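Close look at the chain arrangement
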Amino acid sequence: MDGSKTRRIDIVDVAHGVSEVASVCCYCGTGCGLRVQTRDGAVLRVRGDEQHPANRGRLCSKGLALADTVRRDGARVLSAQWRETRAQPMRAIALGEALDIVAARLADTIARDGPDAVGFYLSGQLLTEDYAVFNKLARGLVGTNNIDTNSRLCMSSAVSGYKRTLGADAPPACYEDLDLADTVLIAGSNMAYAHPVLFRRLEAARARRPGMKVIVADPRRTDTAAFADLHLPLAAGTDVALFHAMLNVMEREGLLDQGYIQRHTEGFETLMARARKITPRAAQDICGVPAEDIIRAARWFGGAGAALSLYTMGLNQSTSGADKNAALIHLHLATGQIGKPGAGPFSLTGQPNAMGGREAGGMATLLPGHRDPGSAADREETAALWGVHALPQAPGATALEMFDAVLQGRIKVLWIAATNPAQSLPDQARVRAALERAEFVIVQEAFAGTETLAYADLVLPAATWPEKSGTVTNSERRISRVRAAIDPPGDALPDWRLAQAAALRLAARIAPDKAALFAYRDESEVFAEHARTTAGRDLDYSALDYATLDAQGPQQWPYRQGQGTARLYADAVFPTASGRARFCDVDYQQVAEPTTPAYPLRLTTGRLRDHWHTMARTSLAPALTQHVEEPWVSMHPGDMRQLKLEPGALARLASRRGSVVLPVQADDALPSGQVFLPMHWGSAYMAGQGVNALTNPATDPISRQPELKHCAIRAEPAGLAWQAAGWLQGDSAALRARLAPWLRRFEYAVVLPVGAGGVRMRLAARAAPQAAELEAIAGALGLLAPDVAFDDPARGQMRRVRMEQGVLRGFLLAGDLRPQDALLAWAGGGDAPAGVAALLLGRIAGAARSRAICVCNSVSEAAILAGIGRGCDLAALKASLGCGTGCGSCVPEIQALIGRAALAAAPV
Ligand SMILES: Nc1nc2c(c(=O)[nH]1)N[C@H]1C(S)=C(S)[C@@H](COP(=O)(O)OP(=O)(O)OC[C@H]3O[C@@H](n4cnc5c(=O)[nH]c(N)nc54)[C@H](O)[C@@H]3O)O[C@H]1N2
Ligand SMILES: Nc1nc2c(c(=O)[nH]1)N[C@H]1C(S)=C(S)[C@@H](COP(=O)(O)OP(=O)(O)OC[C@H]3O[C@@H](n4cnc5c(=O)[nH]c(N)nc54)[C@H](O)[C@@H]3O)O[C@H]1N2
Ligand code: SF4
Ligand SMILES: [Mo]
């Protein structure tokens, strides 16, 4: 690789050979710039880039821990793998051979069943260059529109919302607007966890401008909601009613901008005729939010000098997601709160390059340059830009439709890249049945052990951050260069290279003249070709190339006359046929699966602060496993009492589609009847099919996005009387692979990476297993020759510890878990107990254990609560304990703890 071309390297410490590469964080759509320090091909450290406009040097806990996730060993997919039949085990093969097999399978399938028997399921975590090559491969060479991404689960409703109202898929605001807004409406977003660096910016803005009002609409009192001046705990799925009622109040109170409505919009009267029926009282009945609070929210929004809204999955992941987006945008159009500093409907993107995917047309419903595959003219333009005769016309399958088509035998070859559908798609039973039914599944993956790899017939080894070079676009339309800091390990190649290599081989078989379509020498040529497809379009960045990005730094599209654009629609001219923005005639619709007596609880799912999706990467960083170590379900304490569920007890949750067993924890931040499950844990970490065993595959009719934020469930005590817990020191990735078989043998089982290194295992069953099985579990944990042991296999009991010079190496507790916390505290680096035997026999109580809240400075929840008990406020806690003084990601949680303590102490 020619380093000067793909790496912007500054030598920071010549004497010690340390160099630094400017790149971008590979997690969320904030798109923070960072600098990767390397020496001798290894990553030493990652720090925030002060030069990058998205974050000005800040990183959150996940970005800061990136160096710990860089692996070059068995935690990665290092070579291609293949199995000729499913009965055989996977075996490593040469990459060239694997690509030949891929090309042959594609060619055969196209010849036998036609191009639409092939499907590509990609990811918002690919770089723009990756999408561009995959898109050309799918539509330009294979000849199918069956190319979609996990952005269908994520941003699809936002795309629909923008296109229906403003005419183009473009977030009109920018990050600076967080500093300038007077009222910020945060709808269905837990920014404190999911976009922490932007949340830091909002905290700072409100500290500077105390008059700023923050409203949060979320069924749960999240840390984001705890920060708000007004929390609207609406029932899941009812946002349209809330926004319509706010519109009503603003109309009645003369807070609308009639001039703006008349000059720059259409459809207002039709919408208003419908919306007027949803009064604050009516909305109170639908949303469960007091009418006075709705009125207050409307006054704050309508009366603001500048009103900004920030929204994410609480709006998008819904069967009315496209309507929720439109209804929120209406508030901005009706008040003229768009196209000016501090204002606008600002959809925060989830994944680092969901935006780039939308620009490159990496979805079934999009073509490059914001074109539409349903339009003959757009197809012709794209074909001409690519130099192909024509593009396929038949509509492509969107994510869930693609898996349905596989299940029905219409799609036979499925190529999956940079996403983990056997964990992240709703209704796992169906998804897994489809993966089994497929004739040939190609999985292009960087990390070992993901749920989807188990279904692969052929695995392609992918390079990943920080080995890849290309571009990404963040939430504020800013394009940044991602630069490779080290070379990929083993046979791994960047995603676009794998797509290119397969395309060249396929072209040789089915259309030799098309080989020239894929003759890119490097990623800058891919970008140049892609950028040309934006010429003359709303997002025009045809004048950008790598040299310009290197010289001028990250740029916001549209990029014209040598300049980026911070805000859109300052002139109030919209990219619609009439030039006017549109009010859409949308009405409130209830969720697809209302509760019933058999399924009386509402389940919602979402994110935790330090985990990323299905955790392939974050599970490798010890610091990130400490905030929340294990999957649980949270419930309102009253619901738990009614269901006879003690805190920590195992509960069985069941929906119409599947069930999971998890420990339950009380959470008074939830309204009664609402249950929350983190989205992160799948069958690679727990028994069963993970959180999405439960969720509903029903989709929005316009955006085709599934309703991951709501389904109806029931809960009951799991009745698993026998339990075991163990821990083993060592490399967590290797140990997880070794212990994974136990996940399939118990109704409740988890195998989890923990803190300083090692894995925890927990198991539960109705009755104690046989002595031989107990011994096998002990063997898996390396406890066949323990240093201390008290066994009573007849009663399902086993207490074993292995240690070396006072350092714990492993333990197993079966039948009696009382010493667990003390042993885990010891495992985590705490002091050895006064007597191991006495501890195991329950004669002494060991040290208590408390999870880490501040992972930068390792401050536990117990220490923080003790500080609050001593009367400390945030500043005093920071000064005395050091918590919250690193990246700041834990500050909202500390503040929420302070708030909760104050509430508990207040006279009733
Ligand atoms: N730490 C971390 N950060 C991430 C990610 C991660 O995995 N981990 N993933 C990234 C990605 S891809 C995404 S898409 C974003 C997602 O970012 P967010 O959307 O902020 O995260 P979620 O937790 O999925 O959902 C947000 C909130 O929606 C609420 N909600 C549920 N139903 C409704 C409803 O009907 N109406 C309203 N108003 N609210 C509702 C939930 O209670 C939840 O608090 O995060 C990005 N950032
Ligand atoms: N219940 C529930 N389910 C959800 C959601 C929810 O809120 N609730 N949210 C949905 C949303 S918004 C999203 S975005 C999805 C995310 O769901 P997924 O996309 O399935 O989640 P990830 O774990 O990010 O999967 C990325 C995969 O790519 C691999 N990988 C990492 N880097 C590279 C690379 O450079 N190249 C390649 N080829 N592979 C790489 C990783 O190891 C990992 O296996 O989940 C969706 N599912
Ligand atoms: S906020 Fe955190 S996860 Fe998101 S881009 Fe910045 S450092 Fe990465
Ligand atoms: Mo997402």
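Because the structure is a prediction, the values reported are computed rather than measured.

Some thoughts on the pairing of strand β28 (residues 722–728)
Regular strands have side chains that alternate between both faces of the sheet. Taken across its 7 residues, β28 has 7 buried, putting it largely inside the fold. Covered by surrounding structure in β28 are W722, A724, G726 and L728 together with Q723, A725 and W727, the residues of both alternating faces. Alignment of β28 against strand β30 (residues 759–765), held across 7 bridges, turns out to be antiparallel. Of the residues in β30, the one forming a bridge with W722 is A765. The pairing of β28 with strand β33 (residues 807–814) spans 5 bridges and is classified as antiparallel. Residue pairing for β33: A724 is matched across the bridge by A814.

Some remarks on the domain arrangement of the chain
For the chain, the domain assignment lists domain 1 (18–69), domain 2 (81–150 + 354–564), domain 3 (155–347), domain 4 (595–719), domain 5 (720–849) and domain 6 (852–905). The C-alpha centroid of domain 5 is placed 25 Å from the C-alpha centroid of domain 4. Listed by partner, the interface residues are 22 residues for domain 4 and 24 residues for domain 5. Between domain 4 and domain 5 lies a buried interface of about 1,800 Å² when both sides are counted; carbon and sulfur atoms form 48% of it.

Notes on the pattern of salt bridges
A pair can form between side chains of opposite charge whenever their charged atoms are brought close. As enumerated under the stated definition, the model contains 57 salt bridges in all. Across the salt bridge formed by R704 and E401, the nearest N and O atoms sit 3.5 Å from each other. In this pair, R704 is assigned in the loop between β26 (674–678) and β27 (711–717) and E401 in helix α19 (residues 399–407), connecting sequence segments 303 residues apart. You can call R704 partly exposed: its relative accessible area is 33%. Across the pair R760 and E629 runs a salt bridge whose closest N-O atoms are separated by 2.7 Å. One end of the pair, R760, is in strand β30; the other, E629, is in the loop between β22 (601–606) and β23 (633–635), with 131 residues separating them in the sequence. For the pair formed by R760 and E629, the shared burial category is buried. Salt bridges sharing partners connect three or more residues here, namely E20, R35, R47, D49 and E50.

So, the site of ligand 1
Of all residues adjacent to ligand 1, which total 33 residues, the nearest are D218, G237, T312, R607 and H611. Relative to its free-state accessible area of 910 Å², ligand 1 is covered by the protein chains to the extent of 99%. Broken down by secondary-structure element, the contributors of at least two residues to the shell around ligand 1 are α7 (191–194), α15 (313–316) and β22. Looking at the shell around ligand 1, its residues break down into 11 nonpolar, 14 polar and 8 charged.

A look at the site of ligand 3
Neighbouring residues of ligand 3: C25, Y27, C28, T30, G31, C32, L59, C60, K62, G63, P196 and V197. For the shell around ligand 3, the secondary structure elements donating two or more residues are α2 (61–64) and α8 (196–208). Along the lines of polarity and charge, the residues of the shell around ligand 3 split into 8 nonpolar, 3 polar and 1 charged.

Points about the sheet that holds strand β18 (residues 470–473)
Across the sheet, 3 strands lie side by side as β18-β19-β20; this open sheet has antiparallel pairing. Looking at strand neighbours, the two that pair on one side only are β18 and β20 (555–556), the edges of this open sheet. Taken together, the 4 bridges between β18 and strand β19 (residues 478–482) define a ladder with antiparallel strand orientation. By the bridge assignment for β19, T471 is matched with R481.

Some thoughts on the packing of α19 against helix α21 (residues 428–437)
α21 packs onto α19 with a crossing angle of 50 degrees between their chain directions and a minimal axis gap of 8 Å. The orientation of α19 with respect to α21, classified from their angle, is oblique. By crossing handedness, the relation of α19 to α21 is classed as left-handed. Contacts between α19 and α21 involve F403, D404, V406 and L407 from the first element and R430, V431, A433, A434, L435 and R437 from the second. Residue composition of the contact of α19 with α21, by class: 7 nonpolar, no polar and 3 charged.

Cut-offs and rules
- Residues numbered from 1 in each chain as written.
- Chains lettered and ligands numbered in written order.
- Predicted model: local features only at pLDDT ≥ 70, side-chain atom pairs only at ≥ 80, totals over all residues.
- Heavy atoms only, no water.
- Buried < 20%, exposed > 50% of the residue type's maximum accessible area, 1.4 Å probe, protein only.
- Helix = DSSP H or I, 4+ residues; strand = E, 2+ residues; numbered from the N terminus.
- Pairing = 2+ DSSP bridges.
- Domains from an automatic or database assignment.
- Contact = heavy atoms within 4.5 Å.
- Buried area = accessible area lost by both parts, 1.4 Å probe.
- Salt bridge = Lys/Arg side-chain N within 4 Å of Asp/Glu carboxyl O.
- Near = heavy atom within 4 Å.
- Areas by Shrake-Rupley, 256 points an atom, 1.4 Å probe, with all protein chains shown as cover.
- Nonpolar A, V, L, I, M, F, W, Y, C, P; charged D, E, K, R; others polar.
- Axes fitted to C-alpha atoms, helices over the stretch in contact; angles between N-to-C directions.
- Parallel < 35°, antiparallel > 145°, perpendicular 65-115°, else oblique.
- Left-handed = near helix turned anticlockwise from the far one by under 90°.

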